[in-house]
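Listed below are the residues making up each chain.
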Amino acid sequence: MAKIETPRPVRGTQDMLGETADRFTHVVETFERVRRLYGFRRVETPVIEPTAVFARSLGETTDVVSKEMYSFEDRGGDSITLRPEFTAGVCRAFLTEGWQQFAPLKLATHGPLFRYERPQKGRYRQFHQIDAEIIGAGEPGADVELLVFADQVLRELGVSDGVTLRLNTLGDGGTRIAWRSALIEYFSDHRADLSEDSQERLEKNPLRILDSKDPRDRPIADAAPDIDTYITDEARDFFGSVTEGLNVAGVQWVRDSRLVRGLDYYRHTAFEFVTDRLGAQGTVLGGGRYDGLMESLGGHPTPAVGWAAGIERLAMLIDCPAAPSVNAVLVPLGEAAELAAIGIIATLRHAGISADLAFKGNMKKRMQKANDLGARFAIIIGDDELAKGVASVKNLSTGAQDEVSLANLVSAVV
RNA sequence: GCGACCGUAGCUCAGUCGGUUAGAGCGCCGGUUUGUGGUACCGGAGGUCGCGGGUUCGGAUCCCGUCGGUCGCCCCA
């Protein structure tokens, strides 16, 4: 008989167990806790969307749309795409579910996203993000609220020390157009001195030359026209209000006038929380204002701001969370005790006490199991204990052991 | 799409100027101790050396190809 080959996991996906999974969970639980503090409502949207949701909103020419989407035709012939980001899907839901009636809306979500890319450190084909959006609020206070929230999430995760908030404004629509054409003109004059990559960027995405890593581009990019020259008074005031709010809230930030975001829909505030501890993937959390996005999905003009952060990247930065443990592990000895243990463990769990059962091997094995599970107490039940209606409760950190009547068991192992 | 490095036990890795039967630590199973974990000691199981071809008396080791992984470029969380 031919040997059956075990199928391999899909490239760029991960299976998590133990510390990796604990880290991941800790990030999600911290996010969930903090978003409640800020009154962000949990929202769930589909992992799959019509391809048009992303093709229209992200900008047809961005790499994400042109070559990184997981798209397929379903049995009905419709083009479906696994979401490569949250924002577009959340906006689609805002429009199709009539959530305008709840605006302004503070929303939070998290889950898997998919991008067809070469995997490397902190980059996966299936990756996960936490995400926050404020939809229907055009005031700079919304940007502040969102950024203070982001700052507290990072703070509570204990990663804020090595992480810097870099902040910029892309101005309003008019600003962006004027600045963009000034940049194109400037870079075209220096075309011959630019790297090959940046000469290509000049055609497709000139703003991206600003944050090029190529040393040949740096002097040219650093001397490029500044957005501040083209920014309208309104946009400047808007940015001023945002930074003022951050200062009052005690959020540290630095201006980075070279920071641009990859996706076309950003206006006004753009920001990234950046670290140098993740190799080539420095951005830990990024986002900005996307006032034009709703219209590109056929909705009324609706101002909105949002951010997203890679859970895997955060999980790599945080200190190792404490290993999970249980209050008590039952160690039954003999058939009668094993049956009785089923009832006892049910009572403990109903009382809110985490408990597990060591059901295999001799007593040594079972005690070992209790130890491996990180139990605070081992509850030993043999024929002697059963006859007396008690259990031997051993404190596994001190080694002390006492007989406790079954009726008092719950309070003995809290 | 491009480039570099790496594939040896369940895991982390040693072994490679080509040469008996491929090793260690951890983990797993059993024992010292048939009602007592964490530390210790003894024993055991577990390997197509990623796969295919080539050179050679002889390949885990050298060469070519291929698949997989990692990191970087592009792009991006």
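A few points on the structure. Treat the numbers as computed from the prediction; the structure is a model and nothing was measured. (Residues numbered from 1 in each chain as written. Chains lettered and ligands numbered in written order. Predicted model: local features only at pLDDT ≥ 70, side-chain atom pairs only at ≥ 80, totals over all residues. Heavy atoms only, no water.)

### Details of the pattern of salt bridges
So, step 1. For the structure shown, the criterion picks out 21 salt bridges.
So, step 2. Of the charged contacts in the structure, one is a salt bridge between Arg166 and Asp256, with a shortest N-O distance of 3.0 Å. Taken together, the residues span a long stretch of sequence, with Arg166 in strand S7 (residues 164–169) and Asp256 in the loop between strand S8 (254–255) and strand S9 (267–274) at a distance of 90 residues.
So, step 3. In this structure Asp256 comes out as buried when scored by relative accessible area, which is 16%.
So, step 4. Through salt bridges with shared partners, a single ionic network connects Glu32, Arg35, Arg36, Arg42 and Glu44. (Salt bridge = Lys/Arg side-chain N within 4 Å of Asp/Glu carboxyl O. Helix = DSSP H or I, 4+ residues; strand = E, 2+ residues; numbered from the N terminus. Buried < 20%, exposed > 50% of the residue type's maximum accessible area, 1.4 Å probe, protein only.)

### As for the sheet that holds strand S15 (residues 390–395)
The strands making up a sheet associate through hydrogen bonds between their backbones, and the pairing can be parallel or antiparallel.
So, step 1. Overall, mixed pairing links the five strands, which are arranged S13-S12-S14-S15-S16 in an open sheet. Either end of the sheet is taken by a strand with one partner, and the two such strands are strand S13 (355–357) and strand S16 (401–405). Going across the sheet, the axis of each strand differs from the next one's by a mean of 30 degrees, ignoring polarity.
So, step 2. Sheet topology places strand S12 (residues 328–332) next to S13; three bridges connect them, and they run parallel. (Pairing = 2+ DSSP bridges. Axes fitted to C-alpha atoms, helices over the stretch in contact; angles between N-to-C directions.)

### A word on helix H5 (residues 140–157)
So, step 1. The terminal C-alpha atoms of H5, which comprises 18 residues, lie 26 Å apart, in line with the 26 Å expected from a rise of 1.5 Å per residue.
So, step 2. Looking at H5, one finds that the buried residues are Ala142, Asp143, Val144, Leu146, Leu147, Val148, Phe149, Ala150, Asp151, Val153, Leu154 and Leu157. (Expected span 1.5 Å × (residues − 1).)

### A short note on the protein's contact with RNA strand B
So, step 1. The environment of RNA strand B is formed by 42 residues, the closest being Arg115, Arg201, Arg208, Thr283 and Leu396.
So, step 2. Within 4 Å of the protein, the atoms of RNA strand B are drawn from sugar and phosphate moieties in a proportion of 54%.
So, step 3. The separation between a base nitrogen of RNA strand B and a polar side-chain atom of Glu385 is 2.7 Å.
So, step 4. For the surface near RNA strand B, the elements supplying multiple residues, two or more each, are strand S6 (126–135), helix H7 (196–204), strand S10 (283–289), helix H14 (363–372), helix H15 (383–388) and S15.
So, step 5. Considering every element that reaches the surface near RNA strand B, the biggest residue donor is H14, with six residues.
So, step 6. Its residues assigned to classes, the surface near RNA strand B shows eight nonpolar, 14 polar and 20 charged. (Near = heavy atom within 4 Å. Polar contact = N/O pair within 3.5 Å; in protein donor to acceptor, adjacent residues only side chain to side chain. Nonpolar A, V, L, I, M, F, W, Y, C, P; charged D, E, K, R; others polar.)

It is worth stressing that arrangement in space is one thing and function is another; only the former is reported here.
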